[in-house]
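Here's the letter readout for the chains.
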Amino acid sequence: MVENEQQNIRPSPPTGSDVARRAGVSQAAVSYVFNGRHNRHVSAETREKIVQAAQELGYRAHPTARSLRKGQSDEICCIINAPPSFFSYRLYLSLQQQIVAHGYTPVFYTSRDTPTPQWRETLRGMFARRPAGLVMSQLVDMADDVALARQMGIEHIVLISIRPLEDVAAVIFPGWPVGHIAACHLLERGRRHLGIVCPRDPLLEEIFQQRLEGMRSALAGRADTMLDMLPLSPTLPEARALVQSALVHTDHPTGIYAFNDEFAFYLLKALTERDIGIPRDIALVGTDDLSTCELMRPSLTSIRFDDVDAIGRRAVGMLVGMRGGQPAKEPLSYEIVPRLIQRESS
C-alpha cells in the first residue's frame, strides 16, 4: 500500500536552485537569465549553460512570479473586437509570429460583439497581468479601453484601427479612400447605377459609413448617377435573397461595391446561379484582396491594403520600439494606403 502511494506521488517541479546546481552557477545568475536582465550580468557562455540545464530539467520560470519581480510580464496582449474573417485570421497569425520573434509571449482576447460590462471586466483581468504592451484592434471607439489600460499602469499601446486616437500610436485602415476608389473605378468602367453592400453586423457600421461617404464623394455633382444600399449578411441564403429582391429587375445596379471580398464571394455565387453575367450585367468589387480572389470565376477585382505580414510587423515593431526607448522614426499614426487590383469581375 505504501509502495503504491509512493508511486503516485509526483515529483516536485524543478526550481531555479536546481538549475543553478546543474549548471554550476549561482542562483542569482539563473534569476538574471530568466528575468530578462542577463545581458548585463551574465556572459554568453554562462547563459548557454543555464539555458541547457533548464531544458534538461524541464524548468520554466513562473510568469506570475516573474511579473511581480519585474513589475510586468513578458506578455504582449492582443485585444481584438471584430467579426471573424479570413483577413483578420491572417492578421492575428502575423501578430503572433512577430510577437514571438521579438521574444515575448502572445496572449489574445477576441470578441465579435459590441463591448459589454463583461468585456470591460475581462480587460481589467488582462491588464492586471501587467503585460509588456498591448496591440488593440477594434472597430469601435477604444478611448475608454485605452484609458483603463493606462490607469492600470500599461504605457505601451499600439492600435490597429479605422481612425486615430490622440497620443496613441496606431496603424490606420482608412475607410473613406476605399469607398472612393471603388466608386471611381466603377464609374470609369461606364457604370452609373451603383450599389454598396451594407453589412448587417453593427460592429461594421462605422467603417461602412466611412466607405459610403467615400463613394458618395466620387458621385457628388453627377446627376447621371445613383447609389443603392444593399443590406447583407455573409451567407449564401442571404445573398440569394438579395439577388431576388434587388438585382433581377430591369432597373438594378450595374456596379456593386461589396464591402469586402467575403461578401463579394457570396454575391458572386448567387448572381451566377441566376445567369447574371459578371461583369457583363453587374461589375463587382471587393476589399482585402484575399488569395482566393484569383481563383473565383470570374476572378474578383479587389482593393488591397499592405501585405498582412507587413501590417503585423509594423504594429509589433512600433510597440517593441517604444519599450526599448527608441526615438520614433515615423509619425505616431501610420495610415495604410489602399490600391485597386483589377481583375475580370469589373
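About the cut-offs
Residues numbered from 1 in each chain as written. Predicted model: local features only at pLDDT ≥ 70, side-chain atom pairs only at ≥ 80, totals over all residues. Heavy atoms only, no water. 1 Å grid on protein atoms, 1.4 Å probe; cavity = no way out; pocket = protein on both sides within 12 Å on 5 of 7 lines; lining within 4 Å. Points joined across faces, edges and corners; volume = space filled by probe spheres on them. Helix = DSSP H or I, 4+ residues; strand = E, 2+ residues; numbered from the N terminus. Nonpolar A, V, L, I, M, F, W, Y, C, P; charged D, E, K, R; others polar. Pairing = 2+ DSSP bridges. Axes fitted to C-alpha atoms, helices over the stretch in contact; angles between N-to-C directions. Salt bridge = Lys/Arg side-chain N within 4 Å of Asp/Glu carboxyl O. Buried < 20%, exposed > 50% of the residue type's maximum accessible area, 1.4 Å probe, protein only. Core = buried A, V, L, I, M, F, W, Y, C linked by side-chain atoms within 4.5 Å. Contact = heavy atoms within 4.5 Å. Parallel < 35°, antiparallel > 145°, perpendicular 65-115°, else oblique. Left-handed = near helix turned anticlockwise from the far one by under 90°. Phe/Tyr/Trp six-rings, centres within 6.5 Å; stacked < 30°, edge-to-face > 60°. Lys NZ or Arg CZ within 6 Å of the ring centre and 35° of its normal.

Asks: Sorry, what's going on with the layout of surface pockets here?
Replies: It is a probe the size of a water molecule, rolled over the atoms, that shows where empty space is left. A volume near 590 Å³ is recorded for the largest pocket. Residue lining of the largest pocket: 30 residues in total, with Ala82, Pro83, Ser85, Leu139 and Leu204 positioned closest to the centre. Contributions of two or more residues to the lining of the largest pocket are made by α7 (86-101), β3 (133-138), β4 (157-161), α11 (205-219) and α13 (261-273). At four residues, the largest contribution of residues to the lining of the largest pocket is made by α7. When its residues are assigned to classes, the lining of the largest pocket shows 17 nonpolar, seven polar and six charged.

Asks: Explanation requested: the sheet that holds strand β11 (residues 333-335) in the structure shown.
Replies: Sheet architecture is open: six strands sit in the order β2-β1-β3-β4-β5-β11, paired in parallel fashion. With partners counted over all chains shown, the strands left at the sheet margins are β2 (105-111) and β11, one partner each. Going across the sheet, the axis of each strand differs from the next one's by a mean of 15°, ignoring polarity. Here strand β5 (residues 169-172) pairs with β11 via three bridges, running parallel. Residue pairing in the sheet places valine 171 in a bridge with tyrosine 334 of β11.

Asks: Would you mind going over empty space enclosed by the protein with me for this structure?
Replies: Going through the model one piece at a time under the given rule, you end up with one cavity of 30 Å³ or more. What the largest cavity holds in volume is close to 80 Å³. Considered class by class, the residues forming the lining of the largest cavity number eight nonpolar, two polar and three charged.

Asks: Help me out: how do you make sense of the pattern of salt bridges in this one?
Replies: Side-chain pairs of opposite charge can arise whenever the charged atoms involved come near each other. A full pass over the atoms with the stated rule returns 14 salt bridges. With a closest N to O distance of 2.4 Å, glutamate 206 and arginine 163 form a salt bridge. You can see glutamate 206 sitting in helix α11 and its partner arginine 163 sitting in the loop between β4 and β5, a full 43 residues away along the chain. Overall, the relative accessible area of 25% leaves glutamate 206 in the partly exposed class. A salt bridge links arginine 240 to glutamate 273, with the shortest nitrogen-to-oxygen separation between them at 2.8 Å. Taken together, the residues arginine 240 in helix α12 (residues 236-246) and glutamate 273 in helix α13 connect sequence positions 33 residues apart. On the basis of relative accessible area, glutamate 273 is assigned to the partly exposed category, the value being 35%. Among the ionic contacts, a cluster of salt bridges with common partners joins Arg192, Arg222 and Asp224.

Asks: Just checking my understanding: could you explain the nonpolar core for this structure?
Replies: The tendency in soluble globular proteins is for nonpolar side chains to be buried side by side. Grouped together as the largest cluster of nonpolar side chains are 72 residues, with contacts concentrated most on Leu267 and Leu284. When residues no more than four places from it in sequence are discounted, the contact partners of leucine 284 are Ile256, Ala258, Ala264, Leu267, Leu268, Ile278, Leu300, Thr301, Ser345 and Ser346. Formed by 19 residues, the second largest nonpolar core is a distinct cluster that contains Ile79, Ala149, Ile154 and Ile157.

Asks: Please clarify how the packing of α7 against helix α14 (residues 308-323) should be interpreted in this entry.
Replies: Helix packing geometry: the angle between the two helix axes and the distance between the axes. Between α7 and α14, the least distance of the axes is 8 Å, while the angle of their chain directions is 45°. It follows from the interaxial angle that α7 and α14 lie oblique. α14 is crossed by α7, and the crossing has right-handed handedness. Contact with α7, carried on its side by Phe87, Arg90, Leu91, Ser94, Leu95, Gln97, Gln98 and Ile99, involves Val308, Asp309, Ile311, Gly312, Arg313, Ala315 and Val316 of α14 and no other residues of that element. A per-class count over the contact of α7 with α14 returns eight nonpolar, four polar and three charged.

Asks: Explanation requested: the packing of helix α8 (residues 117-127) against helix α9 (residues 143-151) in the structure shown.
Replies: Contact geometry of α8 with α9 gives a least axis separation of 10 Å together with a crossing angle of 30°. Overall, the two elements α8 and α9 adopt an arrangement that is roughly parallel. Of the two elements, α8 crosses α9, and the hand of that crossing is right-handed. Residues Trp119, Arg120, Leu123, Arg124 and Phe127 of α8 form the contact with α9, whose participating residues are Asp144, Asp145, Leu148 and Ala149. For the contact of α8 with α9, the per-class residue count stands at five nonpolar, no polar and four charged.

Asks: Got a minute to help me understand the packing of aromatic side chains in this structure?
Replies: When we look at a pair of aromatic rings, we describe it by the centre distance and by the angle of the planes. Within the structure shown, the criterion is met by five aromatic pairs. Consider the rings of phenylalanine 87 and phenylalanine 173, whose centres lie 5.8 Å apart with planes at 90°: the pair is edge-to-face. Here phenylalanine 173 lies in the loop between β5 and α10 (176-188) and phenylalanine 87 lies in helix α7, a separation of 86 residues in the sequence. Looking at phenylalanine 87, the relative accessible area reads 10%, which means it is buried. Here phenylalanine 173 falls in the buried class, since its relative accessible area comes to 11%. Taken together, a centroid distance of 5.9 Å and an interplanar angle of 90° make the contact between phenylalanine 259 and phenylalanine 263 edge-to-face. Across this residue pair, the class does not change: phenylalanine 259 and phenylalanine 263 are buried. Taken together through their ring pairs, the aromatic side chains of Phe87, Phe173 and Phe305 make up a single cluster. One residue, arginine 211, lies across the ring of phenylalanine 259, its end atom 4.7 Å from the ring centre.

Scope: geometric values only; no functional claims are made or implied.
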